[in-house]
Amino acid sequence: MNSQNRSKLNQILRAWPQGTVAVHSWLSERGVYRQLVDAYRKTAWLDRLGRGAFIREGDSVDWTGGLYAVQKQLGLSIHGGGKTALQIQGYAHYLPLGKGALVSLFGSPGEKLPVWFRKHDWGVKLRYTTTKLFPPQGNPGMTIKEMGAYSIRLSSPERAIMEVLYYVPRGESFEEARLLMEGLTTLRPGLVQTLLEACGSVKVKRLFMYLADVCNHAWVKKLDLSKIDFGKGKRMIVPGGRLDPKYRISVPVDLSR
């Protein structure tokens, strides 16, 4: 490797956080084209993670390091959400985050996870969902989580619990959703208000408020429900359940206010 290529590599490594993926387009923008990538691989500086995706030689990269590249290098709105976001932020200690855990990612309609991300074995189960639950404009309710040398974008707890409720009852159980809601005693009412007004799912909004009432959270009193569109008619969430008269959703018979 000549001195010019070595200097370029040093510049790349300084801009490339350890524990993350670098995609080919990001490398190309910095003058590292395919031929030079091949040269770096031969000299044991880079490893190929998948098609168009690379890691530092010998580096340990998990799914969050891949998500970093998806967000920062590819510019996609895909983010960690639902239970995954709650776990990372310490709101679901009893749920596993290690090998074999379920990782929930959310994106806007039309956004696809890169093939290299989908096909790589991260040691977790990936669940990727595209929804219109919230408008892409402004992408409300997001937060940044520092992961050491890099950071990723996650749903705030206020948004994450609504993403959990999006899956109830087929992908998440009613009981677990209630348990998660019980721990959310410090949600910010201003952000909750913004998210409820922006949320595109009547089911999620009704179920969120029902569980918040069941858990008797103090922040509920600071919400202005008159500004939230709860839709019309009844919604069946739990087959064979009882009808909650306030929010007009079916809930488990043994779950009382």
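Residues numbered from 1 in each chain as written. Predicted model: local features only at pLDDT ≥ 70, side-chain atom pairs only at ≥ 80, totals over all residues. Heavy atoms only, no water.

Chemist: Go over the pattern of salt bridges, please, and point to the residues and values.
Modeler: Should the charged atoms of two oppositely charged side chains come close, the side chains can pair. All told, the structure shown has nine salt bridges when counted by the stated rule. For Lys83, the salt bridge is made with Glu172, and the minimal N-O distance between the two is 3.1 Å. Of this pair, Lys83 sits in helix α5 (residues 82-88) while Glu172 sits in the loop between α7 (157-167) and α8 (174-182), and the two are 89 residues apart along the sequence. Neither residue differs from the other here; Lys83 and Glu172 are each classed as buried. Here Lys246 and Asp213 are joined by a salt bridge, their closest N and O atoms 3.1 Å apart. Of this pair, Lys246 sits in the loop between β9 (242-244) and β10 (249-251) while Asp213 is found in helix α10 (residues 202-215), placing the two residues 33 residues apart along the sequence. Residues joined by salt bridges that share partners form a network here, namely Lys83, Arg127, Glu172 and Glu176. (Salt bridge = Lys/Arg side-chain N within 4 Å of Asp/Glu carboxyl O. Helix = DSSP H or I, 4+ residues; strand = E, 2+ residues; numbered from the N terminus. Buried < 20%, exposed > 50% of the residue type's maximum accessible area, 1.4 Å probe, protein only.)

Chemist: So what's going on with the packing of aromatic side chains? Residues and values would help.
Modeler: Here the structure, examined in full by the defined rule, presents nine aromatic pairs. Between Tyr68 and Tyr150 the ring centres are 5.7 Å apart and the planes differ by 65°, which places this aromatic pair in the edge-to-face class. Of this pair, Tyr68 sits in helix α4 (residues 63-73) while Tyr150 sits in the loop between β7 (142-146) and β8 (151-155), and the two are 82 residues apart along the sequence. Just as Tyr68 is buried, Tyr150 falls in that class too. Look at Phe117 and Trp122: their rings are 5.1 Å apart centre to centre, the planes differ by 45°, and that puts the pair in the tilted class. With a relative accessible area of 0%, Phe117 lands in the buried category. Of note, Arg56 hangs over the ring of Trp16, and the distance from its end group to the ring centre comes to 5.6 Å. (Phe/Tyr/Trp six-rings, centres within 6.5 Å; stacked < 30°, edge-to-face > 60°. Lys NZ or Arg CZ within 6 Å of the ring centre and 35° of its normal.)

Chemist: Which residues make up the packing of α8 against α10, and what values go with them?
Modeler: Interaxial distance between α8 and α10 falls to 9 Å at its minimum, and their mutual angle equals 60°. Put simply, α8 runs oblique to α10. Classified by chirality, the crossing of α10 by α8 is right-handed. Along the contact surface, α8 presents Phe174, Ala177, Arg178, Met181 and Glu182, while α10 presents Leu207, Phe208, Tyr210, Leu211, Ala212 and Cys215. Of the residues contributing to the contact of α8 with α10, the split by class is nine nonpolar, no polar and two charged. (Axes fitted to C-alpha atoms, helices over the stretch in contact; angles between N-to-C directions. Parallel < 35°, antiparallel > 145°, perpendicular 65-115°, else oblique. Left-handed = near helix turned anticlockwise from the far one by under 90°. Contact = heavy atoms within 4.5 Å. Nonpolar A, V, L, I, M, F, W, Y, C, P; charged D, E, K, R; others polar.)

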